[in-house]
Every structure is written in structure tokens, then in C-alpha cells.
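# Fold and contact review
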Amino acid sequence: MADAAPKSPSTTPVGVDITRASIARVYDAALNGTNNYEIDREVLRQVATVAPEVADLAWANRNFLIRACRFLATQGQVTQYLDCGSGLPTAENTHQVVQRLQPDARVLYVDNDPVVLAHGRALLEENPQTRFLEADIFDARQVLHSDLARTFLDWDQPIALIQNGTLHHYLGQDYAEVMAAYIDALPPGSFVVVAHFLDPQTTAHSEIARRMEERFTHSPMGSGVFRTREEIRRLFGDTELVEPGLVLCEDWWPDGPRYTPLNQVQECIAGGIGRKG
Ligand code: SAM
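Here goes a summary of the coordinates provided. Every residue gets a number counted from 1 within its own chain, in the order that chain's sequence is written. Where local features are concerned, this predicted model is filtered to residues with pLDDT of at least 70; where side-chain atom pairs are given and counted, the filter is 80 or more; whole-chain, interface and lining totals use all residues. The side-chain values count all of the structure's non-hydrogen atoms but skip hydrogen atoms and water molecules.

### Remarks on the overall build of the chain
Scanning the chain for helices and strands turns up 10 helices and eight strands. The globule rule used here is 2.2 Å times the number of residues to the 0.38 power, and the radius of gyration it is set against is calculated over C-alpha atoms. At 17 Å, the chain has a C-alpha radius of gyration in line with the 19 Å of a compact globule built from 277 residues. Among the 277 residues that make up the chain, the fraction classed as buried is 55%. A sequence separation of at least 24 residues applies to 72% of the contacts in the chain between residues at least 6 apart. When the accessible surface of the chain is summed, it comes to about 12100 Å², and 51% of that surface belongs to carbon and sulfur atoms. Only four residue types enter the tally: Lys and Arg on the positive side, Asp and Glu on the negative side; His and the chain ends are excluded. For this purpose, a charge sits on NZ of Lys, CZ of Arg, CG of Asp or CD of Glu. Of the side chains in the chain, 24 bear a positive and 37 a negative charge, and the two mean positions are spaced by 1 Å. Labels follow the DSSP assignment, with helices taken as runs of H or I lasting at least four residues and strands as runs of E lasting at least two, numbered in each case from the N terminus. When accessible area is computed with a 1.4 Å probe and restricted to protein chains, residues below 20% of their type maximum are described as buried, those above 50% as exposed, and intermediate ones as partly exposed. Contacts are assigned to residue pairs with any non-hydrogen atoms lying within 4.5 Å of each other. Computed by Shrake-Rupley with a 1.4 Å probe, the accessible areas treat only the displayed protein chains as cover when residues are assessed.

### Let's talk about the environment of C268
Of note, C268 is situated in the loop between β7 (247-248) and β8 (269-275). Look at C268 and you get buried, because its relative accessible area is 0%. Taking C-alpha positions, C268 is 27 Å from H95, a pair spaced 173 residues apart along the chain. What C268 contacts, discounting residues up to four positions off in sequence, is L57, F197, L198, P200, H205, I208, A209, M212, F226 and L248.

### Points about the pairing of strand β2 (residues 106-111)
On a regular strand, each side chain points to the face opposite its neighbour's, so the side chains alternate between the two faces of the sheet. With five of its six residues buried, β2 lies for the most part within the structure. Pairing of strand β1 (residues 80-84) with β2 involves five bridges; the strand directions are parallel. Each residue of the ladder has a partner; that of Y81, found in β2, is V107. With strands facing away from the observer, any crossover in which the path from the first strand over the helix to the second runs clockwise is taken as right-handed. Crossover connection from β1 via helix α4 (residues 94-101) to parallel β2: handedness right-handed. Two strands form a pair only when DSSP identifies at least two bridges running between them. Pairing of β2 with strand β3 (residues 130-134), which is carried by five bridges, proceeds in the parallel orientation. Bridge pairing in β3 places V110 opposite L133. In this fold, the crossover linking β2 to β3 by way of helix α5 (residues 114-124) has right-handed handedness.

### Things to note about the pairing of β8
Of all the seven residues making up β8, six are buried; the element is thus mostly covered by neighbouring parts of the structure. Note that strand β5 (residues 191-197) and β8 share seven bridges and pair antiparallel. Bridge assignment links V192 to a residue of β8, and that residue is G274. The pairing of strand β6 (residues 240-241) with β8 spans two bridges and is classified as antiparallel. Across the sheet, residue E240 finds its bridge partner in β8, namely R275. The pairing of β7 with β8 spans two bridges and is classified as antiparallel.

### Describing unusual backbone geometry
The peptide bond linking E243 to P244 adopts the cis configuration, its omega dihedral lying at 0°. The residue P244 is located in the loop between β6 and β7 in this model. The backbone phi angle of N32 is positive, close to 65°, even though this residue is not glycine. Tracing the backbone shows N32 in the loop between α1 (23-30) and α2 (38-48).

### Observations regarding the site of the ligand
Distances are taken per atom, and a residue is near a molecule or strand as soon as one of its heavy atoms is within 4 Å of it. The environment of the ligand is made up of 22 residues, and the closest members are S10, Y27, R62, G85 and D111. The side chain of Y27 places a nitrogen or oxygen atom 2.5 Å from an oxygen atom of the ligand. N164 places a polar main-chain atom, nitrogen or oxygen, 2.9 Å from a nitrogen atom of the ligand. Protein contact buries 98% of the 600 Å² of open area that the ligand shows by itself. Those elements that place two or more of their residues in the shell around the ligand are α1 and α3 (55-74). Residues of the shell around the ligand, tallied by class, amount to eight nonpolar, 10 polar and four charged. Identification of polar contacts relies on pairs of N or O atoms within 3.5 Å, with a donor-acceptor requirement for protein atoms, meaning one able to donate a hydrogen and the other able to accept it, and with residues adjacent in sequence counted only if both atoms are side-chain atoms. Only Asp, Glu, Lys and Arg are considered charged, only Ala, Val, Leu, Ile, Met, Phe, Trp, Tyr, Cys and Pro nonpolar, and every remaining residue, Gly among them, polar.

### Some points on the nonpolar core
Among the nonpolar cores identified, the biggest contains 55 residues, and L57, L72, Y81, M212, F216, F226 and I273 are the most heavily contacted of them. Contact partners of F216, with chain neighbours within four places excluded, come to V43, V47, V54, L57, F197, M221, G222, S223, G224 and F226. Residues belong to one nonpolar core when they are buried, are Ala, Val, Leu, Ile, Met, Phe, Trp, Tyr or Cys, and are joined through side-chain atoms within 4.5 Å.

### Re the packing of aromatic side chains
Each aromatic ring pair is described using two quantities: the centre-to-centre distance and the angle formed by the ring planes. Each Phe, Tyr or Trp ring (for Trp, its six-membered ring) is paired with any other whose centre lies within 6.5 Å, and the angle between the two planes then decides the class: stacked below 30 degrees, edge-to-face above 60, tilted in between. According to the stated counting rule, one finds eight aromatic pairs in the structure shown. Site record: aromatic cluster; members linked through ring pairs are F64, F71, F191 and W252.

### Comments concerning the side chain of Q266
Relative to the helices and strands, Q266 resides in the loop between β7 and β8. On the basis of relative accessibility, which here comes to 13%, the residue Q266 falls in the buried class. Within the structure, the side chain of Q266 is placed 2.8 Å from the backbone nitrogen of N263, a separation counted as a polar contact. Once residues lying within four places of it in the same chain are set aside, the contact partners of Q266 are D56, L248, E250 and P261.

Given below as C-alpha cells:
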């Protein structure tokens with residue numbers, strides 16, 4: 001059942017309020033981008049006091065997304081993508097990865113951050129198979145009932161629904177219901193992609209997860225929940241998890257052998273892909 005607490009600060013876009021950091025710009029700063037302000041970098045500095053490797057949360061998240069997109073476009077043969085929370089354009093955006101492999105693939109990005117909308121419209125909508133929707137990604141009805149989602153995507157053919165690095169910014173207890181509404185609407189053969197901050201519940205790393213959560217949620221950004229594996233698993237509903245299942249992002253089909261051990265931050269973000277039967 002829905003609770004009364006605020007669901008996510010990001011439901012109200014940051015806009016021109018310079019006292020609030022924006023999720024998209026903080027993430028951009030972590031990825032060494034240039035579309036961020038002092039207030040955004042301050043969030044990272046605050047988290048870095050407990051976890052100096054904080055930027056590796058963003059890198060693990062982004063690199064997982066790129067590998068997931070490659071998998072979906074090749075093994076999954078998916079030609080339609082609904083990418084919720086696109087983020088600011090960066091080196092390898094969803095449409096670039098999947099259209100390289102499936103030139104006809106259609107990508108609908110959704111975001112509500114004004115800076116993302118400005119840059120996204122300019123850079124992400126670079127061809128007729130790529131569109132941008134301004135909507136609250138935690139309100140599945142708003143996204144699914146939009147004219148763009150109804151007309152641009154074919155709801156009789158498989159769709160990859162991507163919520164990568166987004167749902168840990170949703171603070172409501174009904175987080176799994178947000179995903180369930182999307183999954184219900186997907187045609188059979190569709191996929192869901194999720195990456196999410198993890199409390200690994202181990203003696204070695206649970207404490208660092210909780211300390212990062214405390215810093216993120218009390219920072220000018222105001223969100224960043226580290227959920228347990230069981231809690232994150234609920235986001236996939238009754239979809240069947242693709243091998244190797246819900247694992248650390250760094251362990252999901254890495255690109256090559258590992259020469260350096262994972263650091264404490266890389267132990268605190270998990271991802272997976274589910275397939276709807
Ligand atoms: N999905 C990308 C990735 O994995 O690289 C970007 C992740 S970034 C951490 C999260 C994105 O979700 C940001 O661009 C932010 O603006 C967007 N976002 C967060 N809350 C949102 C909301 N309620 N509605 C729309 N977009 C939202």
C-alpha cells in the first residue's frame with residue numbers, strides 16, 4: 001500500500017533552485033562530465049568523506065547499462081527501448097549503443113530534469129528513431145499513457161524497459177509497485193533492466209552502504225537509498241532473471257578478466273535483467 005511520506009525529491013524538478021543539487025548533474029559530475037554546478041559537486045564531496053571511491057558507483061552503474069544494452073540489442077534482438085531517467089548525454093548513450101547493433105531500434109528517453117531536457121533534446125534526439133519525453137518516471141501512468149509512449153512504441157512487440165540508477169531515488173515503500181505498473185504494460189518477450197544501490201548485508205560492506213545512504217539522503221540532493229538484494233529482487237516482479245541473475249553490476253558479464261579486486265563502493269551496487277514470459 002502507498003505510504004504518506006514524500007516519494008522522491010526528484011518528483012519536483014530542481015529547476016533553477018540553486019540550493020538543490022540535481023540527480024542528473026551529480027551523476028554527470030561523478031562521470032567527469034561538465035554539465036554540473038558547485039552544489040552538485042558538494043554532494044559527491046560529502047559522500048567522499050565516508051567513501052572516497054564514490055564515483056565508482058556511477059561508473060559501475062553506467063558500464064552495466066552499456067553492457068546490458070549490447071546484450072538486449074544482440075542476444076535479445078530488442079528493437080524498442082523505454083529508457084526511464086536518461087541522464088545527461090555522455091559518451092555512450094542508449095540509442096548509440098543499440099542503434100549501432102540494431103540500426104532500426106527506437107529509443108524513447110524519459111526524464112524531468114531541466115538540464116537533461118535542454119541537452120537531451122539537442123543531443124539525444126539526434127535521429128527520427130529517438131525521442132524524448134518529459135515526465136515523472138515514478139508515475140508509470142504518466143509515462144505509459146503519454147501520447148509519445150503510445151504512438152512511438154509498438155505495444156504488441158517486445159520492449160526493453162530500463163530503470164538504471166533511478167529507483168534508489170524513490171523513497172516510498174511502494175517502490176516495487178512502481179515497477180509492477182510498467183511490467184504489467186509490457187508485451188510478452190519484453191525485458192526489464194534495473195541497476196540499484198545495494199546494501200550487501202555483509203559484515204565487510206553493509207556499514208559503508210548505510211554511511212553512503214546517510215550522506216546522500218542528507219545532502220542537497222536528498223535521495224539515494226541502499227536496498228537489500230531481496231528488496232531489489234522485488235523490482236523484477238515475476239520476470240525471469242537472465243543469467244547471471246541479480247548480481248553486483250561489476251559482476252554482470254564483465255568485459256574481461258578482473259585484475260584488480262572490487263573496492264568497497266563497487267560492492268554496493270547491483271544490477272540485473274529480467275525477461276517477461
Ligand atoms: N539511466 C542513466 C544511467 O544509468 O546512466 C542515468 C542515471 S541518473 C543517476 C538518474 C536519472 O534519472 C537522472 O537523469 C534524473 O534526472 C532522472 N530522474 C530521477 N528522478 C526522476 C523523476 N522523478 N522523473 C524523471 N526523471 C527522473
